[in-house]
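# Fold and geometry: a report
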Amino acid sequence: RNYKRQMRCRCDIERLNAPFLAIVESLIPAEEEKAKQNQLLTLLEKLICREWPEARLYLYGSCANSFGFSNSDIDLCLAIGDADINKSEILIKLADILQSDNLQNVQALTRARVPIVKLMDPVTGISCDICINNVLAVVNTRLLRDYARIDARLRQLAFIVKHWAKSRGVNETYQGTLSSYAYVLMCIHFLQQRKPAILPCLQGMEATYSVTIDNVECAYFDQVEMLRDFGSRNRETVAQLVWEFFNYWAYRHDYTDSVVSVRTGNIISKRAKDWTRRVGNDRHLICIEDPFEVSHDLGRVVDKYSIKVLREEFERAADILQYDPNPCVKLFEPY
Ligand code: ATP
Ligand code: MG
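Residues numbered from 1 in each chain as written. Chains lettered and ligands numbered in written order. Predicted model: local features only at pLDDT ≥ 70, side-chain atom pairs only at ≥ 80, totals over all residues. Heavy atoms only, no water.

## Points about helix α2 (residues 17–27)
If you check which residues of α2 are buried, you get Asn17, Phe20, Ile23, Val24 and Leu27. Buried residues of α2, viewed axially, fall in a sector of 125 degrees; they line one side. Opposite the buried face of α2, at more than 90 degrees from it, the exposed residues are Ala18, Glu25 and Ser26. (Buried < 20%, exposed > 50% of the residue type's maximum accessible area, 1.4 Å probe, protein only. Helix = DSSP H or I, 4+ residues; strand = E, 2+ residues; numbered from the N terminus. Arc of directions from axis to C-beta.)

The structure is reproduced here in structure tokens:
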């Protein structure tokens, strides 16, 4: 009987596949948007090069990791070789330069956790944030992008999860919920854990790419064209994966002892990381290890209130997928 019930459930879930793919399709940025981003990047490079000829400007975050929705802001990193520069000074100077070139809403936020200059380009209509020397973010962006190139289901799953998180208000780090970066890592880890696996563990393979940034060695196998068939033995569709993903985070994840680790492709224990108790503001109520900065828990923003909110949202999503007559609408209903 159980078997029969599960079969029925599986083919019901299967019917959600086409609507989910249509949602993903509607969120993918158009080609012309990429062209506009490049146009803005070229302009900014030109302005920056006049003042700092050695500096380089990198795209990072969702506009470069392939998990970006259409019309999202772009994240840029200005890499100025010198390690002991005064970031505030640079940001203020940068803001001056940009302001005098007709860019709009230019603001230097020098006291933010990650200090940035914000601006809006009236020609392309694109808003962007520029940070200084955050090269680790450029490298983790590259890792995420490379994972996305291995199996199309990662991007599909992550788009649905991000869209759900934004609709439900659980993608706000300043309110104690998770960043998009954390959600994408959860998706990668989840696909590494499928049986058969849909994604490999790139950091567990022979390194073909390696850089050292701020004393952190970032190394992984990046010849991902060779891995295009990696997940082909697993036939699960995005609908099944979405259903399993929410079930995992609602009912199966061990919140007391597990750490999700893309670096190892496995669950590791909180004890092994010494993440069993609150240290300062880090409570470790949901643990997601940064793939390169391994002492960094992306769940550290989550507090005793927001963990409840998050877990209730995971349960809501799992239950909707299981029982609701119209899950593709209900799942994304504004909170
Ligand atoms: P969105 O579409 O919501 O803007 P995003 O991919 O730009 O998504 P963010 O969470 O805004 O995601 O983060 C932007 C980038 O900053 C990430 O891709 C990552 O490179 C870096 N980043 C964000 N949070 C962290 C963090 N806690 N530790 C290290 N890097 C981070
Ligand atoms: Mg972003």
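## Focus: helix α7 (residues 152–167)
Compared with the 22 Å implied by 1.5 Å per residue over 16 residues, the 23 Å span of α7 between its first and last C-alpha is a close match. For α7, a buried count of 12 out of 16 residues is recorded, marking the element as mostly surrounded by other parts of the structure. Listed in full, the buried residues belonging to α7 are Arg153, Leu154, Gln156, Leu157, Ala158, Phe159, Ile160, Val161, Lys162, Trp164, Ala165 and Ser167. Where α7 is buried, its residues touch α2, α4 (62–65), α6 (135–150), α8 (180–193), α9 (238–252) and α11 (306–323). (Expected span 1.5 Å × (residues − 1). Contact = heavy atoms within 4.5 Å.)

## Looking at the pattern of salt bridges
Pairing between side chains becomes possible if they bear opposite charge and their charged atoms approach one another. Summed over the entire model, instances satisfying the criterion amount to 18 salt bridges. A salt bridge links arginine 149 to aspartate 146; the shortest N-O distance between them is 2.8 Å. Of the two residues, arginine 149 and aspartate 146 are both situated in helix α6; the distance of three residues between them amounts to about one turn of the helix. Between glutamate 244 and arginine 194 there is a salt bridge, with the nearest N and O atoms lying 3.7 Å from each other. Taken as a pair, glutamate 244 in helix α9 and arginine 194 in the loop between α8 and β6 (209–213) lie far apart in primary sequence, 50 residues in all. On the accessibility criterion, arginine 194 (14% relative accessible area) is buried. (Salt bridge = Lys/Arg side-chain N within 4 Å of Asp/Glu carboxyl O.)

## Quick word on the layout of surface pockets
Volume-wise, the largest pocket comes out at about 1,600 Å³. Along the wall of the largest pocket there are 46 residues; nearest its centre are Tyr60, Arg113, Val114, Ser179 and Tyr181. Those elements that provide at least two residues to the lining of the largest pocket are α4, β5 (127–132), α6, α7 and α8. Looking at the lining of the largest pocket element by element, the count peaks at six residues for α6. In this structure, the lining of the largest pocket is formed jointly by two domains, domain 1 (10–25 + 142–330) and domain 2 (31–136), each of which donates at least three residues. (1 Å grid on protein atoms, 1.4 Å probe; cavity = no way out; pocket = protein on both sides within 12 Å on 5 of 7 lines; lining within 4 Å. Points joined across faces, edges and corners; volume = space filled by probe spheres on them. Domains from an automatic or database assignment.)

## Quick notes on the sheet that holds β5
Ordered in space as β1-β2-β5-β4-β3, the five strands form an open sheet in which the pairing is mixed. Every other strand in the sheet has two partners, leaving β1 (56–60) and β3 (104–109) as the edge strands with one partner each. Pairs of neighbouring strands in the sheet enclose a mean axial angle of 20 degrees, with direction left out of account. Here strand β2 (residues 74–79) runs beside β5; their pairing, made up of five bridges, is parallel. By the bridge assignment for β5, aspartate 75 is matched with aspartate 129. (Pairing = 2+ DSSP bridges. Axes fitted to C-alpha atoms, helices over the stretch in contact; angles between N-to-C directions.)

## Concerning the packing of α9 against α11
Two numbers describe a pair of packed helices, the interaxial angle and the distance between the axes. In the contact formed by α9 and α11, the axes pass within 8 Å of each other and the chain directions differ by 140 degrees. As summarised for this structure, α9 and α11 are arranged oblique, according to the angle between their axes. Classified by chirality, the crossing of α11 by α9 is left-handed. In this structure, α9 uses Val242, Trp243, Phe246, Asn247, Trp249, Ala250 and Tyr251 to contact α11, whose residues at the interface are Phe314, Glu315, Ala317, Ala318, Asp319, Leu321 and Gln322. Residue composition of the contact of α9 with α11, grouped by class: 10 nonpolar, two polar and two charged. (Parallel < 35°, antiparallel > 145°, perpendicular 65-115°, else oblique. Left-handed = near helix turned anticlockwise from the far one by under 90°. Nonpolar A, V, L, I, M, F, W, Y, C, P; charged D, E, K, R; others polar.)

## Overview of the site of ligand 1
The local shell around ligand 1 holds 16 residues, among which Ser62, Asn140, Lys162, Lys166 and Ser180 are the closest. One of the side-chain nitrogen or oxygen atoms of asparagine 65 is found 3.5 Å away from an oxygen atom of ligand 1. Backbone polar atom of alanine 137 to an oxygen atom of ligand 1: 3.2 Å apart, as the coordinates give it. Taking 600 Å² as the accessible area of ligand 1 by itself, protein coverage stands at 77%. (Near = heavy atom within 4 Å. Polar contact = N/O pair within 3.5 Å; in protein donor to acceptor, adjacent residues only side chain to side chain. Areas by Shrake-Rupley, 256 points an atom, 1.4 Å probe, with all protein chains shown as cover.)

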